[in-house]
Amino acid sequence: NIKGLVIFAALKSQESEVGSSKKRKSRSSDFGLRANRIEVGIQLTIERLKEILEMIKITLPDHSVREFAEAVNGYEIARSISNRLAKDVLSISVDGEVWDLSRKINKDASIKLFTWDDREGKDTFWHSSAHIMAEAIEFFYPGTKFGIGPTVDTGFYYDVDLPEGEVLSEKDLQKIEQKMLELARQKNEIVRSDISKDDALAMFTDKNDELKQELIG
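Along each chain, numbering runs from 1 in the same order as the chain's sequence is written. Whole-chain, interface and lining totals are the exception, using all residues; otherwise, since this is a predicted model, local features are given only for residues with pLDDT of at least 70 and side-chain atom pairs are given and counted only at 80 or more. Only hydrogens and water are set aside when side-chain values are computed; all heavy atoms of the structure are taken into account.

**Some thoughts on the overall build of the protein**
(1) Moving on: Numbering goes from the N terminus for both helices and strands, where a helix is a DSSP run of H or I of at least four residues and a strand is a run of E of at least two. The secondary structure content of the protein amounts to seven helices and nine strands.
(2) Moving on: Of all intrachain contacts in the protein linking residues separated by at least 6 positions in sequence, the fraction that spans at least 24 positions is 49%. Any pair of residues with heavy atoms lying within 4.5 Å of one another is described as a contacting pair.

**As for the nonpolar core**
(1) Moving on: Residues grouped as a nonpolar core are buried Ala, Val, Leu, Ile, Met, Phe, Trp, Tyr and Cys residues, joined through side-chain atoms within 4.5 Å. The buried label applies to any residue whose accessible area, calculated with a 1.4 Å probe on protein chains only, is under 20% of its type's maximum; exposed applies above 50%, and partly exposed to all values in between. Judged by nonpolar contacts, the single largest core of 17 residues is most densely connected at Ile58, Ile77, Ile92, Val94, Ile105, Ile111 and Leu113.
(2) Moving on: At the level of elements, strand E1 (56-59), helix H2 (74-81), strand E3 (91-94) and strand E5 (109-114) are the ones that each hand at least two residues to this core.
(3) Moving on: No other element matches E5, which puts three residues into this core.
(4) Moving on: Aside from chain neighbours lying at most four places away, what touches Ile92 is Gly74, Ile77, Glu97, Val98, Trp99, Asp100, Leu101, Ile105, Ile111, Lys112, Leu113 and Phe114.
(5) Moving on: Residues Tyr141, Phe146, Leu162 and Met180 belong to the second largest nonpolar core, which totals 13 residues.

**Thoughts on the environment of Lys57**
(1) Moving on: The topology assignment puts Lys57 in strand E1.
(2) Moving on: For Lys57, a relative accessible area of 26% translates into the label partly exposed.
(3) Moving on: Here the alpha-carbon distance between Lys57 and Glu67, two residues ten residues apart in the chain, equals 4.6 Å.

**Some remarks on a nonpolar patch on the surface**
(1) Moving on: For patch detection, residues must exceed 30% relative accessible area and be free of salt bridges, and they are connected within 9 Å for like charges or within 5 Å for nonpolar side chains (Val, Leu, Ile, Met, Phe, Trp, Tyr). What sets the accessible areas is the Shrake-Rupley method with a 1.4 Å probe; for residues, cover comes only from the shown protein chains. Here, a salt bridge means any Lys or Arg side-chain nitrogen found within 4 Å of an Asp or Glu carboxyl oxygen. Together, Ile148, Val152, Tyr157 and Leu215 make up an exposed nonpolar region whose accessible area comes to about 310 Å².
(2) Moving on: With respect to the helices and strands, the residue Tyr157 is situated in the loop between strand E8 (155-156) and strand E9 (160-161).

**Focus: the sheet that holds strand E4 (residues 97-99)**
Strand-to-strand pairing in sheets goes through backbone hydrogen bonds, with the strands running parallel or antiparallel.
(1) Moving on: Taken together, the five strands give an open sheet; going across it, the order is E2-E1-E5-E3-E4, and neighbouring strands pair in mixed fashion. Of all strands in the sheet, those with a lone pairing partner are strand E2 (65-68) and E4, marking the two edges. Strand-to-strand twist across the sheet, computed as the mean angle between neighbouring axes with direction ignored, equals 35°.
(2) Moving on: In terms of strand pairing, E3 meets E4 through three bridges, oriented antiparallel. If you follow Val94 over to E4, its bridge partner there is Glu97. Whether two strands pair depends on DSSP finding at least two bridges between them. For helices, the axis comes from a line fit to the C-alpha atoms of the stretch in contact; other axes are also lines fit to C-alpha atoms, and the angle between any two N-to-C directions lies between 0 and 180 degrees.

**Concerning the environment of Ser93**
(1) Moving on: Within the element layout of this structure, Ser93 appears in strand E3.
(2) Moving on: Separated by 21 residues in sequence, Ser93 and Phe114 place their C-alpha atoms 7.9 Å apart.
(3) Moving on: If we skip the residues at most four places from it in the chain, Ser93 touches Val98, Ser110, Ile111, Lys112 and Phe114.

**Describing the side chain of Lys179**
(1) Moving on: Considering the arrangement of structural elements, one finds Lys179 in helix H5 (residues 170-185).
(2) Moving on: Residue contacts for Lys179: discarding those within four places in its chain leaves Ala136, Phe139 and Phe140.

**Examining the packing of aromatic side chains**
(1) Moving on: Centre distance within 6.5 Å is the pairing criterion for rings of Phe, Tyr and Trp, where only the six-membered ring of Trp is used; planes under 30 degrees apart are then read as stacked, over 60 as edge-to-face, and the remainder as tilted. This model, assessed by the stated rule, comprises four aromatic pairs.
(2) Moving on: Their ring planes at 85° and their centres at 5.1 Å tell us that Phe139 and Phe140 sit as a pair that is edge-to-face.
(3) Moving on: Relative accessible area serves as the criterion here: at 28%, Phe140 is assigned to the partly exposed category.
(4) Moving on: Following the ring pairs from residue to residue traces out a cluster consisting of Trp116, Phe125 and Trp126.

**Structural notes on the pattern of salt bridges**
(1) Moving on: Overall, the coordinates contain ten salt bridges when judged by the stated rule.
(2) Moving on: The partner of Arg84 in a salt bridge is Asp88, with the nearest N and O atoms 2.8 Å apart. With Arg84 and Asp88 both in helix H3 (residues 83-88) and four residues apart, this pair spans about one turn of that helix.
(3) Moving on: A relative accessible area of 61% places Arg84 in the exposed class.
(4) Moving on: Salt bridges here are not isolated pairs; linked through shared partners, they connect Arg119, Asp123 and Asp153.

Okay, structure coming up:
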């Protein structure tokens, strides 16, 4: 009858609307998932770009570039090139300034690594040797005052003022050299410390080292 046909048509219409609603929800859900995946992908790309931009770029003498994720020192750069170079390297120049191997580089820079074959490498080795000699002299002669200790073409020297006017003999030089070898074999780390001029003056004032005070002042 007519009433039955109207009810049947209404039910079919409701089913059709429900089906359409489910399809719309399904399409909306799929779109949302795709949008989320795109957003995640963009975020990952941005993070990667940040990492690349924040990498420290070290330019070598041959113009090749090595990238590091964090601050790096000369020894670590040498080791990234070869174990042999890491064994032989003595110092590094950073944008034209010679640094020790432990000092960290925290920005893009052009560098050159020095070995014993380079004058800069020899100077670094002899400079460290002068510090060891000073330690050896101070071991035998506490209270020694130290002037300059530069490198020269054939090695290094140190101006010293021994306590109570003592004078070094050839025999003294031999025992100092033996003490230097003993200290070198201990492989103690030489650590760079940046301090203010006032603190440096205070340190050598406490040691009553007028020669160093004069050099700093």
